[in-house]
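Structural features, examined
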Amino acid sequence: MKLSFRWYGRNNDPISLDYVRQIPAMEEIVWALHDKQAGVVWSEEEIKDEIAYIESHGLKATIVESVNIHDAIKLGLPARDAYIETYKECLKNLGKNGVKVVCYNFMPIFDWTRTDMFHPLPDGSTSLFFEKEKIMSLDPQELVNMMEKESNGLTLPGWEPERLAHIKDLFTAYDGFTDDKLRENFKYFMDAIIPTCEEYDIKMAIHPDDPPFSIFGLPRLVNTRDNIRKLLAVNPSPYNGLTFCTGSLGSDPNNEVVTMLDEFIDRTHFMHVRNVCVYPNGDFSEVSHRTSDGTVDITGVMNVLAKYNFDGYIRPDHGRHIFGENSTNVRPGYGLYDRAMGAMYLTGNWDMAQRLHQ
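Here's a quick rundown of the structure. (Residues numbered from 1 in each chain as written. Predicted model: local features only at pLDDT ≥ 70, side-chain atom pairs only at ≥ 80, totals over all residues. Heavy atoms only, no water.)

1. Side note on the overall build of the protein
Scanning the protein for helices and strands turns up 14 helices and twelve strands. Taking 358 residues into account, the globule formula puts the C-alpha radius of gyration at 21 Å, and the protein, at 19 Å, falls close to it. The principal-axis extent of the C-alpha atoms belonging to the protein is close to 50 × 45 × 40 Å. Here the protein holds 358 residues, and 59% of them are scored as buried. A total accessible area of about 14,400 Å² is found for the protein, and carbon and sulfur atoms account for 49% of it. (Helix = DSSP H or I, 4+ residues; strand = E, 2+ residues; numbered from the N terminus. Rg over C-alpha atoms; globule rule 2.2 N^0.38 Å. Buried < 20%, exposed > 50% of the residue type's maximum accessible area, 1.4 Å probe, protein only. Areas by Shrake-Rupley, 256 points an atom, 1.4 Å probe, with all protein chains shown as cover.)

2. Looking at the pairing of strand β3 (residues 60-65)
Of all six residues that make up β3, five are buried, and the element is covered over most of its length. Where strand β2 (residues 28-31) meets β3, three bridges bridge the pair, whose relative direction is parallel. Residue pairing across strands places V30 opposite I63, the latter belonging to β3. Handedness of the crossover is the feature at issue here: the chain leaves β2, passes through helix α2 (residues 44-55), returns alongside β3, and the resulting connection is right-handed. (Pairing = 2+ DSSP bridges. Right-handed = clockwise from strand over helix to strand, strands pointing away.)

3. Focus: the sheet that holds strand β1 (residues 2-6)
Paired through backbone hydrogen bonds, the strands of a sheet run either parallel or antiparallel to each other. Taken together, eight strands build a closed barrel; the order of strands is β1-β2-β3-β4-β7-β8-β9-β12 and the barrel is parallel. Geometrically, the sheet is characterised by an average inter-axis angle of 30° between neighbouring strands, direction not taken into account. Examined bridge by bridge, β1 and β2 share three bridges and lie parallel to one another. Across the sheet, the residue bridging to F5 is I29, located in β2. (Axes fitted to C-alpha atoms, helices over the stretch in contact; angles between N-to-C directions.)

4. Quick notes on the packing of aromatic side chains
Scanning the model with the defined rule gives 13 aromatic pairs in all. Through a chain of ring-to-ring contacts, the aromatic side chains of Y87, Y104, F106, F186 and F189 assemble into a single cluster. Here the basic side chain of K2 rests over the ring of Y313, its NZ or CZ set 5.3 Å away from the ring centre. In this structure, R331 packs its charged tip against the face of Y8, placed 3.9 Å from the ring centre. (Phe/Tyr/Trp six-rings, centres within 6.5 Å; stacked < 30°, edge-to-face > 60°. Lys NZ or Arg CZ within 6 Å of the ring centre and 35° of its normal.)

5. Thoughts on the packing of helix α13 (residues 298-307) against helix α14 (residues 337-356)
Running from amino to carboxyl end, α13 crosses α14 at an angle of 50°, the nearest separation of the two axes being 9 Å. By the angle class used here, α13 and α14 are oblique. Between α13 and α14 lies a crossing whose hand is right-handed. Contacts from I298, T299, M302, N303, L305 and A306 of α13 reach α14 at Y345, L346, N349, W350, A353 and Q354. (Parallel < 35°, antiparallel > 145°, perpendicular 65-115°, else oblique. Left-handed = near helix turned anticlockwise from the far one by under 90°. Contact = heavy atoms within 4.5 Å.)

6. Here we look at unusual backbone geometry
Outside of glycine, negative phi angles account for most residues, and trans bonds account for most peptide bonds. The residue after E65, namely S66, is reached through a cis peptide bond having omega 5°. Mapped onto the secondary structure, S66 falls in the loop between β3 and α3 (71-75). Although it is not a glycine, F216 adopts a positive phi angle of roughly 55°. One non-glycine residue, N309, adopts positive backbone phi at about 50°. Tracing the chain through its elements places N309 in the loop between α13 and β12 (313-316).

7. With respect to the sheet that holds strand β10 (residues 275-278)
In space, the four strands of this open sheet follow the order β5-β6-β11-β10, with antiparallel pairing throughout. Taken across any chain shown, the strands that pair with only one partner, and hence form the sheet edges, are β5 (116-120) and β10. Sheet twist, expressed as the mean angle between neighbouring strand axes with direction ignored, is 40°. As judged from the two bridges shared by strand β6 (residues 126-130) and strand β11 (residues 284-287), these two strands associate in the antiparallel manner. Within β11, the position partnered with F129 by the bridge is S285.

8. A closer look at the packing of helix α4 (residues 80-95) against helix α9 (residues 179-200)
Two elements in contact, α4 and α9, have axes whose closest approach is 10 Å; the angle formed by their N-to-C orientations is 30°. Viewed along their axes, α4 and α9 adopt a mutual orientation that is roughly parallel. Our pair here, α4 against α9, has a crossing hand that is right-handed. Residues R80, D81, I84, Y87, K88, L91, K92 and G95 of α4 form the contact with α9, whose participating residues are N185, Y188, F189, A192, I193, T196, C197 and Y200. Taken together, the residues of the contact of α4 with α9 sort by class into nine nonpolar, three polar and four charged. (Nonpolar A, V, L, I, M, F, W, Y, C, P; charged D, E, K, R; others polar.)

9. Considerations on helix α10 (residues 225-233)
Where α10 is concerned, the buried positions are N227, I228, L231 and L232. End-on, the buried residues of α10 take up no more than an arc of 135°, which puts them together on one face. Where the residues of α10 are buried, they touch α9, β7 (203-206), β8 (240-245), α11 (246-250) and α12 (257-264). (Arc of directions from axis to C-beta.)

10. With respect to a nonpolar patch on the surface
Taken together, the side chains of F323, Y337 and M341 present a nonpolar region at the surface, about 330 Å² in accessible area. By secondary structure assignment, the location of F323 is in the loop between β12 and α14. (Patch = residues over 30% accessible without salt bridge, like charges linked within 9 Å, V, L, I, M, F, W, Y side chains within 5 Å. Salt bridge = Lys/Arg side-chain N within 4 Å of Asp/Glu carboxyl O.)

11. Some thoughts on α2
Relative to the 16 Å expected for twelve residues at 1.5 Å per residue, α2 spans 16 Å between its end C-alpha atoms, a close match to the ideal helical length. Among the residues of α2, those classed as buried are I47, E50, I51 and I54. The buried residues of α2 occupy an angular sector of 95° when the element is viewed end-on, so they sit on one face. On its buried side, α2 packs onto α1 (17-20), β2, β3 and α4. (Expected span 1.5 Å × (residues − 1).)

12. Topic: the side chain of E286
Take E286: it is sitting in strand β11. The class for E286 is buried, based on a relative accessible area of 2%. A polar atom in the side chain of E286 sits 2.7 Å from the side chain of R114. Beyond its immediate stretch of four places on either side in the chain, E286 contacts R114, L121, S127, L128, R274, N275, V276, H318 and R320. (Polar contact = N/O pair within 3.5 Å; in protein donor to acceptor, adjacent residues only side chain to side chain.)

Pasting the structure below:
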């Protein structure tokens, strides 16, 4: 496996790449051009510059998260073909510069949703938290305002203020949209870009819906075993693959994460590994990566990866805020210390599981 760490770029991430490099076994930076809005070309010059900066710190830059997809594509609007051509140009420029995997999502309007960015845990740390009853009573604009307030001026992926300024128009556009309609538009997109992916050897890895159930009546495509089967079947190319996120899928107790990974391992190009504690009322809190601290069998997940000698990318996903990290000095969910400890927990599990499978 290729151990990686998500980083938000120069002048946008409080964490130094020099610190990331000190995490044992760390090879890759998961990066993006975060100032780019959906539907805009990433130029080769910009890509080369960012890769060169990352490599100057002794790390690789062959995985990107995310190249965002314009809503015209998701909605199937007449303008989608032009935006698909722009997306293909981005893929070409990335592939020509050594990028091998692009993580992305096809979620309508919201990339991910939480109701508290710094929820206190019993050990004194804080973490991302989802309160199911609260989300059901919130107006979408209230949610946007809350996320903007708690981001502390830092970019939050999928919560771009330029796009969400039109939140009412977006909800109007998606009114009455079904899972099947969204899946149909996903197939159109995938069929259009796969030849480019195959030519430039760059795999697409779709991220599960987060949370893995509908909110505000919006459709879901990547949230259950059956829906993932349907998603992969729309185009059988191995370049149509998954980012298997244990936290997103594990937020629904009905998802048997370990057996799902075993089924989809051949189409999994990127692993997001984190733990969540799911409560009986449907709330969930992000916790440490340790298996016994949450609901997800992280040890079982790593055992499956070792069984197949997984050679794709893996990153410790969201972490708690610890050792003085708080709303004044860290991006919600993306502190340094708990993700570094998570990386070591994952590599320890990997080392032992590999030995057992020898």
